[in-house]
Amino acid sequence: FARMFVQVCLYFYCKCLWRCLKFVVRKLTGQCELQRICYNTKPGAARTMKIEASLKGSKSKRLQTSVNVHPDAIEKTIDDIMELKRINPDINPQLGVSLQACLLQIVGYRNLIAEVEKLRREPYDSENPQHEEMLLKLWKCLKPNSPLKARISKQWCEIGFQGDDPKTDFRGMGLLGLYNLVYFAEWDTEIAQQVLSDSLHPKYREVTKKELSQLSKAEYEKKKFDKAIGYSFAIVGINITDLAYNLLVSGALKTHFYNVAPEAPTLTHFQQTFCYLMHEFHKFWIDEDPLDIMEFNRVREKFYKRTLKQLQNPEMALCPHFAASESLINM
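Fair warning: this is a prediction, and the values are worked out from it, not measured in the lab.

Cut-off values and rules
- Residues numbered from 1 in each chain as written.
- Predicted model: local features only at pLDDT ≥ 70, side-chain atom pairs only at ≥ 80, totals over all residues.
- Heavy atoms only, no water.
- Axes fitted to C-alpha atoms, helices over the stretch in contact; angles between N-to-C directions.
- Helix = DSSP H or I, 4+ residues; strand = E, 2+ residues; numbered from the N terminus.
- Parallel < 35°, antiparallel > 145°, perpendicular 65-115°, else oblique.
- Contact = heavy atoms within 4.5 Å.
- Nonpolar A, V, L, I, M, F, W, Y, C, P; charged D, E, K, R; others polar.
- pLDDT = per-residue confidence, 0-100.
- Left-handed = near helix turned anticlockwise from the far one by under 90°.
- Core = buried A, V, L, I, M, F, W, Y, C linked by side-chain atoms within 4.5 Å.
- Buried < 20%, exposed > 50% of the residue type's maximum accessible area, 1.4 Å probe, protein only.
- Domains from an automatic or database assignment.
- Expected span 1.5 Å × (residues − 1).
- Phe/Tyr/Trp six-rings, centres within 6.5 Å; stacked < 30°, edge-to-face > 60°.

### Some thoughts on the packing of helix 3 (residues 45-56) against helix 6 (residues 93-121)
Then comes step 1: At a closest axis distance of 9 Å, the pairing of helix 3 and helix 6 adopts a crossing angle of 85°. By the angle between their directions, the pair helix 3 and helix 6 is classed as roughly perpendicular. Touching R47, T48, I51, E52 and L55 of helix 3 are S98, L99, C102, L103, Q105 and I106, all from helix 6.
Then comes step 2: Per-class residue counts for the contact of helix 3 with helix 6 are six nonpolar, three polar and two charged.

Encoded structure:
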C-alpha cells in the first residue's frame, strides 16, 4: 500500500510539475508546445510522434480527440487548434501546414490499421471470382512458364502452399496474406521469383574464411557440403504478413511510415513494407543457417526483435529506396 501511495503521489507530482514547466517555457518563449515541436523538429517520424504525444497528453478534450477525426475534418481541426492555442494563422502560416501534415499521418495510420484488419478478417472464398482471379494471378506471376493444369492441383506446392488447394492456408491472415503475396509477385517479380527459387533449391553454403580458421579438417569436410535449408514460400509469406500486421497494430511501424509517407500511409505502403520484410527475412534465414525447418519460429522471433530494434530509431525508414516504393517516395 505504501509503495502504491508513493507511486500515485509521484505520478501527480510529475504531472503537475510537467504542466508547470510547460507554462513557464511558454511564457519565456512565447510559443506553445506544438509550435516548439514544429519549429525545432524536422519533418518525419520524430516530429509527428511528438505532435501525437502532445495532443493525446493535452488536458483539453478537443486536442485529445483531434487525432481521431475524419480526414475530411482535418482542416477544420487545425483551425480549432490554432484558435484554442490563441495562435494567429497569418503570423504563423507554416505551423498550420506542418500540423496538417502530421495529422494526416496520424489519422492515416489509424485508418490503415482498420483497412488491414478488415482484409485480415475477410476469409478466402473460392466461390468469389475476384478471390480466385487473385490466386491465379499469383501463380502466373511466380510461374509464368508453367501453366497451372487445374485449380485443385499438387502444383500449388511448387510455390509453397501445403496442399492442393491454397484456400485452406489463408485462414490465419485471410485475404491480407493473398493481397501481400500477389503484390510482391506482381510489383517485385524478379526478387519474388528469386526468393521462391532459393526456397525450393537452396544452394550449398559458402564457408567463410573466419569459419574456416575455426574448423578442424573433419568439420570443414562436413560443413562445406551443408545445404541451406529451404522453406515453403507461400506459407512463409503468410507468416511474414502476420509479422507485419503485429508491427502495424502495435504502433512500431509508425516510425517507418511517418518517415516514408509524405501524408497518410496507405495499404500500398504496408504492402511495400511486406515486400521488404520478405526479402530481408530470406537473407536473414540464410545467414542464420538453421539446422532444419523446425527452427523457423526461433529465426522468425529473432528477425522480429531485430526489426523492432531498428524501428526504435526515429530516423528509421525500413525501405526508403526499395524498388516497389520509388513511385511514392519520389512524390
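### Topic: the confidence of the model for the protein
Then comes step 1: Per-residue confidence for the protein gives a mean pLDDT of 87; residues scoring 70 or more make up 82%.
Then comes step 2: Of the regions scoring below 50 in pLDDT, residues 323-331 engages in 14 contacts with residues more than four places distant in sequence or in other chains.

### A few points about the packing of helix 7 (residues 129-142) against helix 8 (residues 174-187)
Then comes step 1: Direction vectors running N to C along helix 7 and helix 8 enclose 35°, while the axes themselves pass 9 Å from each other. Crossing handedness for the pair helix 7 and helix 8: left-handed. Between helix 7, through Q130, H131, M134, L135, K137, L138, C141 and L142, and helix 8, the contact on the second element is made entirely by L175, L178, Y179, L181, V182, A185 and E186.
Then comes step 2: The class makeup of the residues in the contact of helix 7 with helix 8 is eleven nonpolar, two polar and two charged.

### What to know about the nonpolar core
Then comes step 1: Counting 84 residues, the largest nonpolar core has I51, L138, L178 and F270 as the members making the most contacts within it.
Then comes step 2: The greatest single-element share of this core, amounting to eleven residues, is contributed by helix 6.
Then comes step 3: Of the residues that make up this core, three or more belong to each of domain 1 (34-121) and domain 2 (129-312).
Then comes step 4: Not counting chain neighbours up to four residues away, the residues in contact with L178 comprise Y124, H131, M134, L135, L138 and F170.

### Some words on helix 3
Then comes step 1: The first and last C-alpha atoms of helix 3 sit 16 Å apart over twelve residues, in line with the 16 Å expected at 1.5 Å per residue.
Then comes step 2: Residues of helix 3 that are buried: A45, R47, T48, I51, E52, S54 and L55.
Then comes step 3: Buried positions along helix 3 lie against helix 2 (33-40), helix 4 (61-64), helix 5 (74-84), helix 6 and helix 13 (254-260).

### A short note on the packing of aromatic side chains
Then comes step 1: According to the stated counting rule, one finds 15 aromatic pairs in the structure shown.
Then comes step 2: Measuring from centroid to centroid gives 5.9 Å for Y231 and W285, while their planes differ by 85°, and the two rings are edge-to-face. Of this pair, Y231 sits in the loop between helix 11 (217-223) and helix 12 (233-249) while W285 is found in helix 14 (residues 267-288), placing the two residues 54 residues apart along the sequence. Considered together, Y231 and W285 belong to a single accessibility category, that of buried residues.
Then comes step 3: Look at F281 and W285: their rings are 6.1 Å apart centre to centre, the planes differ by 35°, and that puts the pair in the tilted class. You can see F281 and its partner W285 sitting in helix 14, four residues apart, about one turn around the helix. Across the pair, W285 and F281 agree in class, each one buried.
Then comes step 4: One aromatic cluster in this structure is built from Y231, F281, F284, W285, F296 and F303.

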